[in-house]
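Residues per chain are reported as follows:
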Number of protein chains: 2
Amino acid sequence: MGGDHGTHVTVPAVLRFLDHHADVNVVLVGLPDALEAELKACKAEVGPRLRIHPASEVVLMDESPQSALKNKKDSSMRVAINLVKSGEAHACVSAGNTGALMATARFVLKTIPGIERPAIAKMLPSLRGETCMLDLGANVDCTPAHLVQFAVMGATLVSAVKHVDAPTVGLLNIGSEDIKGNEAVKESAELLKKAPINFHGNVEGDDIYKGTVDVVVCDGFIGNVALKTSEGLAKMLAGFLREEFKRSWWTKLLALFALPVLSRFKKRTDPRRFNGATLLGLRGIVIKSHGGADETAFYWALRQAAEEAQAGVAQRIAARVQSQMAEFESGTAAVAENI
Amino acid sequence: MGGDHGTHVTVPAVLRFLDHHADVNVVLVGLPDALEAELKACKAEVGPRLRIHPASEVVLMDESPQSALKNKKDSSMRVAINLVKSGEAHACVSAGNTGALMATARFVLKTIPGIERPAIAKMLPSLRGETCMLDLGANVDCTPAHLVQFAVMGATLVSAVKHVDAPTVGLLNIGSEDIKGNEAVKESAELLKKAPINFHGNVEGDDIYKGTVDVVVCDGFIGNVALKTSEGLAKMLAGFLREEFKRSWWTKLLALFALPVLSRFKKRTDPRRFNGATLLGLRGIVIKSHGGADETAFYWALRQAAEEAQAGVAQRIAARVQSQMAEFESGTAAVAENI
């Protein structure tokens, strides 16, 4: 029901997704009338692979997480997450209010034992493929222990979905040397060196797009600034390129000829292909689509959800935390006692 | 002497600069032999508008600021800054070691009364012109009072150089609402509201390139991550665009035809045109060129220095801090006493 365009985007995207993914079924959760009307408009109907599960309320895009949690117990968001909890669904995808989605998911599903806080993770394009970055805004004040948990979660996600063995993890800093950064980052680096991950060391902002490491970890404040700054820059550059090709009849003609080149370029860097951020660290899979997502973007968020469900990301994180983090934490606790 | 290419870049850039700016004279500071050899190679010589001032040492690019300060009292960097202090030069431009330049400039010139810490400021391109952003890495832990000082300095720089009356200032945050961000940012917003500047409120990463405000202030850690992330993304996009145009003989031919369009696009977003970061808050003008700057980039850093000297940026900041900040600070102190 959520996002800037509601069912007009989510329903057509689901229909396209069902066409391309014969092994996945979808449950539409929300106001039945609105969903049925949209299905009808798309000349589609419910069936064995597509059903409607009713919810009588919708969380507004500007509603506070507290209000959503307290007052909208039958919201489409809450009911969809309940389906994940009960096992009726393997993943939940929403284009709705991020804060409310995170709060509801955390309240209903709970975090994985050993994970104190969920993080928002996302795949970003890089010169060498893709970089997984987290946290992108769920936590504005992180301790070094949180960053270690993010690192383990990010590495597990990349192993599971991208089939990378021992993915490298970098800590976002303002220089590659150990002496760089503020105290929190320096402490995090020390702890990450001892953590059960393939720690590369510090990385800088440009390493995200160079693809220096498979996973970049950072505090949610910094991650969010880096992500939004990237969005702004990409839009500005695209705008400038468009303007230059629209300058005269001759450049417009050139643009026409260059269309296959320009659209291949656009496709490669299309943010819609990278839509679908994961709320990582929960006992279930919840994917947040960009609120402004169009049909194509929402389709990619659905793909992300299906991939993570098929790879059993949440279970893998739980298993890894249980087997490796307990040992690591008792190790660091013993070190702390010795000091 | 500094930067990745030393005098091979700085000397030709200076010669080009002298050709284009008849009202500015240049002093080359460094090892006389190296400077003379480079002038000779450029078929140029010293004269009334260009002289050499000897310095017997060079700060290495990876030298610690402490070592540079303590052991290299006759470095080109130190001597050039001494010239600014003595009034023999109106500004210093260096492509050398950033940390050493900042430490030396701070030690020799001292900060402007009322400014606790200098900040690194830079103009960035935006959809509406240019955005001045600071701090870009001089301070990894800033208090709200520091951010207010940065705001006043950034606004004064933009007024002086870009002739903008009452430039708008935004605080970099992860949402535009007051409730967003970590505690430090929330406190900064409260203080900025009362400061003698035209405070717009919170801005997000994408606002830097949208041009929502004239000045964006942030902690140096965040600013540096945003800047480096932008550099990485711009390089990746340029790389992808190049690859797509090199894919076949047909796309190469297209690129040839599209060259005027592509080079106008490149020129508009050319980071070399934005080379030259200002070490703001010192009792004198010091400009840091990117270490990897080529001749064109270094030329732009020289221009930035000349503009700031001609506009009297350092004096204007000193005057503004004296007239407005004293009142503001006694005001906030009075408020603090009332609590």
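Named according to an unreviewed UniProt entry, chain A is Phosphate acyltransferase originating from Formivibrio citricus. Under the UniProt heading Sequence similarities (unreviewed entry), the entry covering chain A gives this text: "Belongs to the PlsX family."

Draft legend 1. Local environment of the overall build of chain A. Helices and strands together make up the secondary structure of chain A, namely 13 helices and 10 strands. Relative to a compact globule of 339 residues, whose C-alpha radius of gyration would be 20 Å, chain A shows 21 Å and is just as compact. Taking the principal axes of its C-alpha atoms as reference, chain A extends roughly 70 × 55 × 35 Å. Of all 339 residues assigned to chain A, the portion counted as buried reaches 55%. Considering only residue pairs separated by 6 or more positions, chain A has 71% of its internal contacts joining residues 24 or more positions apart.

Draft legend 2. Quick peek at helix H4 (residues 76–86) of chain B. All names here are of chain B. Taken across its 11 residues, H4 has 8 buried, putting it largely inside the fold. Inspection of H4 places Ser76, Met77, Arg78, Val79, Ala80, Ile81, Leu83 and Val84 among the buried residues, and these make up the whole buried set. Looking at the packing, one finds that the buried side of H4 touches strand S1 (26–30), strand S2 (50–54), helix H3 (65–71), strand S3 (91–94), helix H5 (98–109) and strand S10 (285–288). One or two residues past the end of H4 sits Gly87, with phi positive at roughly 90 degrees.

Draft legend 3. Layout of the sheet that holds S3 of chain B. All names here are of chain B. Read from one edge to the other, the open sheet built from 8 strands follows the order S3-S10-S9-S4-S5-S8-S6-S7, with strand pairing classed as mixed. Each edge of the open sheet is held by one strand with a lone partner, namely S3 and strand S7 (198–203). On average, each strand axis in the sheet is tilted by 30 degrees relative to the strand beside it, whichever way the strands run. Alignment of strand S5 (residues 129–134) against strand S8 (residues 215–217), held across 3 bridges, turns out to be parallel. Looking at S8, one finds that Met133 is bridged to Val216. Those strands touched by helix H7 (residues 183–194) are strand S6 (168–172), S7 and S8, and its axis lies near 165 degrees from that of S6.

Draft legend 4. Focus on the pattern of salt bridges. Under the counting rule described, the total for this entry stands at 28 salt bridges over all chains. Residue Lys72 of chain B pairs with Glu63 of chain B through a salt bridge whose shortest N-O separation is 2.9 Å. Residue Lys72 of chain B shares its accessibility class with Glu63 of chain B, and that shared class is buried. For Lys162 of chain B, the salt bridge goes to Glu130 of chain B, with nearest N and O atoms at 3.0 Å. Taken as a pair, Lys162 of chain B in helix H6 (residues 144–162) and Glu130 of chain B in strand S5 lie far apart in primary sequence, 32 residues in all. Residues joined in a network through salt bridges with shared partners are Glu243, Glu244 and Arg247 of chain A together with Arg264 and Arg268 of chain B.

Draft legend 5. How the structure looks around the interface of chain A and chain B. With 48 residues of chain A in contact, the opposing surface of chain B contributes 48 residues. Buried surface at the junction of chain A and chain B, summed over both partners, amounts to about 4,800 Å²; 76% is from carbon and sulfur atoms. Contact with chain B buries surface across chain A, with Ile174, Phe221 and Arg268 of chain A losing the most and accounting together for 14% of the total. Linking chain A with chain B are 8 salt bridges. Arg268 of chain B is the partner of Glu244 of chain A in a salt bridge, and the nearest nitrogen-oxygen pair spans 3.0 Å.

Draft legend 6. Region of interest: the packing of helix H6 (residues 144–162) of chain A against helix H7 (residues 183–194) of chain A. Residue and element names in this part refer to chain A. Packing of H6 against H7 leaves a shortest axis separation of 8 Å and a crossing angle of 50 degrees. In terms of orientation, H6 and H7 fall into the oblique class. Judged by the twist between their axes, the crossing of H6 over H7 is right-handed. Across from Pro144, Ala145, Leu147, Val148 and Ala151 in H6, the residues of H7 making contact are Ala184, Glu187, Ser188, Leu191 and Leu192.

Draft legend 7. Region of the structure containing the confidence of the model for chain A. In this model, chain A carries a mean pLDDT of 92, and residues with pLDDT of at least 70 account for 97%. For chain A, per-element mean pLDDT is lowest for helix H13 (residues 313–338) of chain A, which scores 76, and highest for strand S8 (residues 215–217) of chain A, which scores 98.

Draft legend 8. Region of the structure containing the relation of the copies chain A and chain B. Note on the identical chains: chain A maps onto chain B by a rotation of 180 degrees and an axial translation of 0.0 Å, with an RMSD of 0.0 Å. Given the turn and translation reported, the copies of this chain are related as if by a two-fold rotation axis. Of every C-alpha in chain A, the one belonging to Ala226 of chain A sits nearest the axis of rotation, 2.6 Å from it. Most of the interface of chain A is mirrored in chain B, where 100% of its interface residues again form contacts.

Draft legend 9. Structural context of the packing of helix H10 (residues 249–257) of chain B against helix H11 (residues 259–269) of chain B. Residue and element names in this part refer to chain B. Running from amino to carboxyl end, H10 crosses H11 at an angle of 65 degrees, the nearest separation of the two axes being 4 Å. Between H10 and H11, the crossing angle belongs to the class labelled roughly perpendicular. In this structure, H10 contributes Ala255, Leu256 and Phe257 to the contact, and H11 contributes Leu259, Pro260 and Leu262.

Draft legend 10. Spatial organisation of the pairing of S3 of chain B. All names here are of chain B. Where burial is concerned, the two faces of S3 differ: the one with Cys92 and Ser94 is buried and the one with Ala91 and Val93 is not. As paired elements, S3 and S10 share 4 bridges and run parallel to each other. Across the sheet, residue Cys92 finds its bridge partner in S10, namely Val286.

Draft legend 11. Representation of the sheet that holds strand S9 (residues 277–280) of chain A in the model. Residues and elements named next belong to chain A. Spatially, 8 strands are ordered S3-S10-S9-S4-S5-S8-S6-S7 in an open sheet, and the strand pairing comes out mixed. The sheet is open, and its two borders are formed by strand S3 (91–94) and strand S7 (198–203), each paired with just one other strand. Taken pair by pair, the neighbouring strands of this sheet meet at an average axis angle of 30 degrees, ignoring direction. Taken strand by strand, H7 contacts strand S6 (168–172), S7 and S8, and its axis lies near 165 degrees from that of S6.

Draft legend 12. Looking closely at the side chain of Asn275 of chain B. With respect to the helices and strands, Asn275 of chain B occurs in the loop between H11 and strand S9 (277–280). A distance of 3.1 Å separates the side chain of Asn275 of chain B from the side chain of Ser289 of chain B, its partner in a polar contact.

Scoring rules and cut-offs
Residues numbered from 1 in each chain as written. Chains lettered and ligands numbered in written order. Predicted model: local features only at pLDDT ≥ 70, side-chain atom pairs only at ≥ 80, totals over all residues. Heavy atoms only, no water. UniProt positions renumbered as here; feature names shortened; annotations may be inferred. Helix = DSSP H or I, 4+ residues; strand = E, 2+ residues; numbered from the N terminus. Rg over C-alpha atoms; globule rule 2.2 N^0.38 Å. Buried < 20%, exposed > 50% of the residue type's maximum accessible area, 1.4 Å probe, protein only. Contact = heavy atoms within 4.5 Å. Pairing = 2+ DSSP bridges. Axes fitted to C-alpha atoms, helices over the stretch in contact; angles between N-to-C directions. Salt bridge = Lys/Arg side-chain N within 4 Å of Asp/Glu carboxyl O. Buried area = accessible area lost by both parts, 1.4 Å probe. Parallel < 35°, antiparallel > 145°, perpendicular 65-115°, else oblique. Left-handed = near helix turned anticlockwise from the far one by under 90°. pLDDT = per-residue confidence, 0-100. Least-squares fit on C-alpha atoms with pLDDT ≥ 70 in both. Polar contact = N/O pair within 3.5 Å; in protein donor to acceptor, adjacent residues only side chain to side chain.

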